[in-house]
Amino acid sequence: VIVMLICWLLVCRKATQIFNSVGSIASPDFHNRRHYPDNMDCVWNITTPPRTRIKLKLLDMSIQRCGRIGTGNACSCDFLEIRDGYRSNDRLLATLCGNELVGDLFSSGRHLWVRFRSDENVTSSGFYAMFSSSPIVKGTILLKCLLLIF
């Protein structure tokens, strides 16, 4: 158990770089159906081929929720943070906790930044998500807007 904990700390203390068109990410020990460890801070930088965007689909999620629902503090203990870009200060797409799955999340380009954080208290089974890339089709949104105007 101690050796496994050391491996988690080594994996989750640095950002994991993923260069692929499709794949999956999960909280530590999710596939063994055990609870994730305390004090985790895992970051995944997902990069897909040029001129693509990323779709992230959460398939399973059980992350400790604390604080009041409907306030900014609902996910202040453990959380999954997803940003549209490559850095921690890029546009926030979602901060998630609890076990309610959200719809698919889309990046605007080829980078997606994902962070899983747990505190020192209650843990749960964590999350499992799949990602895929699709070509960015330029002009599609503009065409839809023009059709609505005329």
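Fair warning: this is a prediction, and the values are worked out from it, not measured in the lab. (Residues numbered from 1 in each chain as written. Predicted model: local features only at pLDDT ≥ 70, side-chain atom pairs only at ≥ 80, totals over all residues. Heavy atoms only, no water.)

1. Some details on the sheet that holds strand β1 (residues 15-19)
- Sheet architecture is open: 5 strands sit in the order β1-β3-β8-β5-β6, paired in mixed fashion. A strand with exactly one partner marks an edge of an open sheet, and here the two such strands are β1 and β6 (91-96). Mean inter-strand twist for the sheet, computed between neighbouring axes without regard to direction, equals 15°.
- Two elements, strand β5 (residues 79-84) and β6, share 5 bridges in a ladder whose sense is antiparallel. (Pairing = 2+ DSSP bridges. Helix = DSSP H or I, 4+ residues; strand = E, 2+ residues; numbered from the N terminus. Axes fitted to C-alpha atoms, helices over the stretch in contact; angles between N-to-C directions.)

2. Some thoughts on the nonpolar core
- Core analysis: the largest hydrophobic core is formed by 26 residues, its most contacted members being L80, V114, F116 and F127.
- Broken down by secondary-structure element, the contributors of at least two residues to this core are β3 (41-47), β4 (52-62), β5, β6, β8 (111-117) and β9 (126-135).
- Sorting elements by how many residues they give to this core places β4 first, with 4 residues.
- Ignoring anything within four residues of it in the chain, the contact list for V114 reads I25, C42, V43, W44, I46, L56, L80, E81 and I82. (Core = buried A, V, L, I, M, F, W, Y, C linked by side-chain atoms within 4.5 Å. Buried < 20%, exposed > 50% of the residue type's maximum accessible area, 1.4 Å probe, protein only. Contact = heavy atoms within 4.5 Å.)

3. Description of the sheet that holds β4
- If you trace the 4 strands from one edge of the open sheet to the other, you get β2-β9-β4-β7, paired in antiparallel fashion. Each having just a single partner strand, β2 (22-26) and β7 (105-106) make up the two edges of the open sheet.
- Pairing of β2 with β9, which is carried by 5 bridges, proceeds in the antiparallel orientation. Its bridge partner being in β9, A26 is matched across the sheet by Y128.

4. Brief notes about the packing of aromatic side chains
- Counted according to the given criterion, the structure contains 4 aromatic pairs.
- With centroids separated by 5.7 Å and ring planes inclined at 85°, the aromatic side chains of W44 and F127 adopt a geometry described as edge-to-face. Highlighted residues: W44 in strand β3 and F127 in strand β9, separated in sequence by 83 residues.
- On the basis of relative accessible area, W44 is assigned to the buried category, the value being 9%. (Phe/Tyr/Trp six-rings, centres within 6.5 Å; stacked < 30°, edge-to-face > 60°.)

5. Here's the deal with the environment of V122
- The topology assignment puts V122 in the loop between β8 and β9.
- Considered as a pair, V122 and C66 are 56 residues apart in the sequence and their alpha carbons are 9.8 Å apart.
- Among residues more than four places away in sequence, those in contact with V122 are Y36, Q64 and D78.

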